[in-house]
Amino acid sequence: MLPEYYVLSLSGGKDSTALGLEWLKRHQLNPATYPLNEVIFCDVGMDFPAMIDHVARLEQIFVNAGIKFTRLKGEHSFEWFMFEWTPKRGHRNPKLEGLIGRSWPTPKARWCTAWLKSEVIDYYLKKLKSSYHVIQLIGLAADEVKRLEKKNNQNPDHRHPLIEWGWSEADCLAYCYSKGFDWGGLYKIFHRVSCWCCPLQSLDELRKLRKHFPDLWLKLLDMEHRTWGTFNSRFTVDQLEIRFQLEEERVEKGLSINGHDKEFRAALKARLEKEIGSTQRPLTAP
């Protein structure tokens, strides 16, 4: 029988932040019912600057409360995997032979989450489990209960206090605001705050990224110019830049920018052909 060891998994988002702050408060009042031995944060390296500041503030709170705070990071960076990693391509797609780097993550190949987060955390927990019975506190909100149906969320050593408390995502955000945490306004701009370069963002989120974080948008353009794959299966970052420029021009003229509007689609196609010669997308990673 190994001693129980409670680890809180902190992503820095609203749900895990609310869980961390509330669990710590309850732990300080009743440590037997709300045990907490360690908080772990895995740094993928592509967070918004405001998120980095947010996590640093949380770290100080836990450390001041006597709770161990561990920052995890993979041996290689996101950009190393994207631009430098040399995989064995195999024979399934000969077009990829000779191409360097993994290029952009895709819905079916989220290598960023797997290699830079899940594997790093699992490796660290495996070492802990040699000495402890590790119980993980996971920040799934009450309105995400369907996620418990997924196999990776059915670990008997995982606890989901937010679901037990009935705290929704909105509840978590309101709680964090009430404690003075606002992520520099990130949640007033974006619905979800993950890596700023994520290709799985919606068109609207990418539009907001370009508007509110022009420096990161320029870096996103540069990243696409340095890799062989397209940003996602629908468009390149260059195509997005052209689209967003066109949208701004049309808004000033009072014209539609609705993607379902035939006239807008025709105008966008004409602009793309004029600017880059073709609307055809480049090679996409499998």
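1. Re helix 2 (residues 49-64)
No. 1: With 16 residues, helix 2 should reach 22 Å at 1.5 Å per residue; the first-to-last C-alpha distance of 23 Å fits that figure.
No. 2: Taken together, the buried positions of helix 2 are occupied by Met51, His54, Val55, Leu58 and Phe62. Taken down its axis, helix 2 places every buried residue within 95 degrees of arc, on the same side. Away from the buried face of helix 2 by more than 90 degrees, exposed residues Asp53 and Asn64 are located.

2. Quick word on the packing of aromatic side chains
No. 1: Per the stated rule, a full pass over the model turns up 20 aromatic pairs.
No. 2: Lying over the aromatic face of Tyr177, Lys188 brings its terminal NZ or CZ to 4.7 Å of the ring centre.

3. What to know about the nonpolar core
Generally speaking, a soluble globular protein has its nonpolar side chains buried in company with each other.
No. 1: Core analysis: the biggest nonpolar cluster contains 61 residues, and Phe48, Phe78, Trp196, Leu209, Trp217, Leu220 and Met223 have the highest contact counts within it.
No. 2: Contact partners of Leu209, with chain neighbours within four places excluded, come to Phe48, Phe190, Trp196, Pro214, Leu216, Trp217 and Leu220.
No. 3: If you look at the next biggest cluster of nonpolar residues, it comprises 11 residues, including Ile40, Leu72, Tyr124 and Leu128.

4. A look at unusual backbone geometry
No. 1: The phi dihedral of Ser103 is positive, around 65 degrees, even though this residue is not glycine.
No. 2: Counting through the fold element by element, Ser103 comes out in the loop between helix 3 (78-83) and helix 4 (111-128).
No. 3: Positive phi is not limited to glycine here, since Trp183 has a value of about 55 degrees.
No. 4: For Trp183, the position within the fold is in the loop between helix 6 (169-178) and helix 7 (186-189).

Reading guide: rules and limits
- Residues numbered from 1 in each chain as written.
- Predicted model: local features only at pLDDT ≥ 70, side-chain atom pairs only at ≥ 80, totals over all residues.
- Heavy atoms only, no water.
- Helix = DSSP H or I, 4+ residues; strand = E, 2+ residues; numbered from the N terminus.
- Expected span 1.5 Å × (residues − 1).
- Buried < 20%, exposed > 50% of the residue type's maximum accessible area, 1.4 Å probe, protein only.
- Arc of directions from axis to C-beta.
- Phe/Tyr/Trp six-rings, centres within 6.5 Å; stacked < 30°, edge-to-face > 60°.
- Lys NZ or Arg CZ within 6 Å of the ring centre and 35° of its normal.
- Core = buried A, V, L, I, M, F, W, Y, C linked by side-chain atoms within 4.5 Å.
- Contact = heavy atoms within 4.5 Å.

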